[in-house]
Amino acid sequence: MSSYAKELEIAQLAVQRASILTKRVFHEKAKGTVSKDDKSPVTIGDFGAQALIISALKANFPDDEIVAEEEAAQLREDENLRHTIWDLVSTTQLSDPEAEGMLGGAIDDEEAMLTLIDYGNSKGGAKGRIWAIDPIDGTKGFLRGGQYAVCLALMVDGDVKVGVLGCPNLPIDDSAPLTGGMESGQTDEGRGVLFSAVLGEGATSRALTTGELARQKDISMRAITNIASATFCESVEAGHSSHGDQAEIAKLLGITNPSVRMDSQAKYASIARGAGDIYLRLPVSETYQEKIWDHAAGDLIVREAGGAVTDIHGKRLDFSIGRTLSNNKGVVAAPAAAHPEVLKAVQEVLSKK
Ligand SMILES: Nc1ncnc2c1ncn2[C@@H]1O[C@H](COP(=O)(O)O)[C@@H](OP(=O)(O)O)[C@H]1O
Ligand SMILES: [Mg+2]
Ligand SMILES: [Mg+2]
Ligand SMILES: [Mg+2]
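Cut-offs applied
- Residues numbered from 1 in each chain as written.
- Chains lettered and ligands numbered in written order.
- Predicted model: local features only at pLDDT ≥ 70, side-chain atom pairs only at ≥ 80, totals over all residues.
- Heavy atoms only, no water.
- UniProt positions renumbered as here; feature names shortened; annotations may be inferred.
- Helix = DSSP H or I, 4+ residues; strand = E, 2+ residues; numbered from the N terminus.
- Buried < 20%, exposed > 50% of the residue type's maximum accessible area, 1.4 Å probe, protein only.
- Polar contact = N/O pair within 3.5 Å; in protein donor to acceptor, adjacent residues only side chain to side chain.
- Contact = heavy atoms within 4.5 Å.
- Near = heavy atom within 4 Å.
- Areas by Shrake-Rupley, 256 points an atom, 1.4 Å probe, with all protein chains shown as cover.
- Pairing = 2+ DSSP bridges.
- Phe/Tyr/Trp six-rings, centres within 6.5 Å; stacked < 30°, edge-to-face > 60°.
- Lys NZ or Arg CZ within 6 Å of the ring centre and 35° of its normal.
- Axes fitted to C-alpha atoms, helices over the stretch in contact; angles between N-to-C directions.
- Parallel < 35°, antiparallel > 145°, perpendicular 65-115°, else oblique.
- Left-handed = near helix turned anticlockwise from the far one by under 90°.
- Nonpolar A, V, L, I, M, F, W, Y, C, P; charged D, E, K, R; others polar.
- Donors = N, O, S within 2.8 Å, 3.2 Å for Na, K, Ca; no water.

The protein appears in an unreviewed UniProt entry as 3'(2'),5'-bisphosphate nucleotidase from Daldinia eschscholtzii. In its Sequence similarities (unreviewed entry) section, UniProt records this for the protein: "Belongs to the inositol monophosphatase superfamily." What UniProt records for the protein under Cofactor (unreviewed entry) is the sentence "Mg(2+)".

So, in structure tokens, the structure goes:
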């Protein structure tokens, strides 16, 4: 019996249900975007998915704290936006009644939905049980029909214990070739994966369904015998990580395969299943602090699949500080045996700047 069996099951079902909503938004709705203070695109999908996930967590673990990316303030002002989201949230459920029942059933009304979204305002920290939610990670990928992820992790006393990633646009087949997006003309057929890990218990993948959980498979990173033959993943957005530095590092390692660019924590998931090998996220700004919800689930899934994840200084990502990874800079994720060599190359390139 897994040490976090109930947490894992609820987390996976919650992510699966939220993924139904995000797919509905993509397929059915005009992908209405509104601008937040930080000008990042945020869609009705982000708010809706966050409401559904928090509803499931509150029904099962009422005392746990939650750190989530979005907040309801804007929805309180904007009646149309609120109604649109409520429309989706109140009509999205798992097709399996037993699974849906485990998530606590329907949200009462619009006001309750707003309250739920705002439960995600915990400051985080080193004490107690805290969930981290990114309802849509890779919002830009989501909008362009590329990769995105619905992300959920449980931290206990600042350490990630459970991580779940729903990746609706990744191929179900763990050995499918790595590409950044949904190539034009492709359908949902054969796509949609739910990744998960519990600390000390390995990492798994399974097909994302609309009902009960599909059968899982263990996943592991590829063993790299020759680093020059590795493939690395990086953000599509040059504003999120430095393509230039990453290319120099690849060159230094003798890597000739082109990097695969994809949005979201689908990068962590892709290397964890052995479809790629290395994920580099090198800072472009002195001041930007990475958000815990952008990394918590992916960090655990990669480590449980046989990888090592550190920042550019070789420090483990520290989720115990608050809502951001203020003790870390950048991300270097690679198979454990290859990580020292990759980190050395990262530091060599960055030290010359
Ligand atoms: N200057 C910056 N540097 C690094 N990450 C940034 C950034 N500005 C925004 N981000 C984060 O990058 C995430 C997407 O990562 P990626 O580039 O790997 O797809 C965004 O998540 P959201 O899409 O959830 O807002 C956002 O939190
Ligand atoms: Mg965002
Ligand atoms: Mg994100
Ligand atoms: Mg997001």
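A. How the structure looks around the side chain of Arg281. Considering the arrangement of structural elements, one finds Arg281 in strand 12 (residues 278-281). Given a relative accessible area of 10%, Arg281 falls into the buried group. A distance of 3.4 Å separates the side chain of Arg281 from the side chain of Ser235, its partner in a polar contact. Here the side chain of Arg281 touches Tyr279 through a polar contact of 2.9 Å, side chain to side chain. Apart from the residues within four sequence positions on either side, Arg281 is in contact with Ser235, His240, Ser241, Gln246, Lys267, Glu290, His295, Gly330 and Val331.

B. Main features of the site of ligand 1. Taken together, 16 residues sit near ligand 1, with Ser235, His240, Ser264, Lys267 and Asp294 positioned nearest. A distance of 3.1 Å separates an oxygen atom of ligand 1 from a polar side-chain atom of Glu69. Ser264 is positioned with one of its backbone polar atoms (N or O) 2.6 Å from an oxygen atom of ligand 1. If ligand 1 stood free it would expose 570 Å²; the protein chains cover 86% of that surface. Of the residues forming the shell around ligand 1, the biggest block, three residues, is contributed by strand 4 (residues 129-137).

C. Main features of the pairing of strand 6 (residues 159-171). Within strand 6, twelve of the 13 residues are buried, leaving the element largely enclosed by the surrounding structure. By the bridge criterion, seven bridges tie strand 5 (residues 149-156) to strand 6 in an arrangement that is antiparallel. For Val150, the partnering residue across the bridge sits in strand 6 and is Gly166. Linking strand 5 to strand 6, which pair antiparallel, is a turn of two residues; within it Asp157 sits at a positive phi near 50°. Relative to strand 7 (residues 191-198), strand 6 runs antiparallel, the two being bridged by seven bridges. Looking at strand 7, one finds that Gly163 is bridged to Ala197.

D. Layout of the UniProt feature "binding site: Mg(2+)" (unreviewed entry) in the protein. The UniProt entry lists Glu69, Asp134, Ile136, Asp137 and Asp294 under the feature "binding site: Mg(2+)" (unreviewed entry), expressed in the numbering used here. Spanning 226 residues, the annotated positions come together in the fold, the maximum distance between their C-alpha atoms being 9.7 Å. In this structure, Asp137 sits in strand 4. Apart from the residues within four sequence positions on either side, Asp137 is in contact with Tyr148, Ala149, Cys151, Ser264, Gln265 and Asp294. Tracing the backbone shows Asp294 in the loop between strand 12 and helix 10 (296-304).

E. Highlighting the packing of aromatic side chains. Considering all chains together, one arrives at four aromatic pairs under this definition. Relative to Tyr148, the ring of Phe142 lies with its centre 4.7 Å away and its plane at 80°, an arrangement referred to as edge-to-face. Phe142 sits in the buried class, given a relative accessible area of 1%. Residue Tyr148 is classed as buried on the basis of its relative accessible area of 2%. Aromatic rings pair up to connect Phe26, Phe142 and Tyr148 into one cluster. Here the basic side chain of Lys58 rests over the ring of Tyr119, its NZ or CZ set 4.5 Å away from the ring centre.

F. Geometry of the sheet that holds strand 8 (residues 203-207). Taking strand neighbours across the sheet as the criterion, the seven strands line up as 3-4-5-6-7-8-9 in an open arrangement whose pairing is mixed. Whereas interior strands pair on both sides, the edge strands pair on one side only; in this sheet they are strand 3 (65-68) and strand 9 (217-219). The mean inter-strand angle of the sheet, taken between neighbouring strand axes irrespective of direction, is 20°.

G. Seen up close, the packing of helix 8 (residues 243-252) against helix 11 (residues 339-351). At a minimum axis distance of 9 Å, the contact between helix 8 and helix 11 shows a crossing angle of 125°. Classified by the angle their axes make, helix 8 and helix 11 are oblique. Considering only the axes of helix 8 and helix 11, their crossing is right-handed. Contact residues: Asp245, Glu248, Ile249 and Leu252 in helix 8; Ala345, Val346, Glu348, Val349 and Leu350 in helix 11. Residues that form the contact of helix 8 with helix 11 fall into these classes: six nonpolar, no polar and three charged.

H. Summary view of the pairing of strand 12. Here strand 12 shows two buried faces, one formed by Ile278 and Leu280 and the other by Tyr279 and Arg281. For strand 10 (residues 232-234) and strand 12, the ladder comprises two bridges, and the chain directions are parallel. Directly across from Cys233, in strand 12, lies its bridge partner Tyr279. The sheet contact formed by strand 12 and strand 14 (residues 331-335) spans three bridges and is antiparallel. From the neighbouring strand, Tyr279 faces strand 14, where its bridge partner is Ala333.

I. A look at the coordination of the magnesium ion (ligand 4). Binding of the magnesium ion (ligand 4) to the protein goes through Glu69 (OE), Asp134 (OD) and Ile136 (O), at separations of 2.1 to 2.2 Å. Sequence positions of the residues that donate to the magnesium ion (ligand 4) give the spacing E-x64-D-x1-I.

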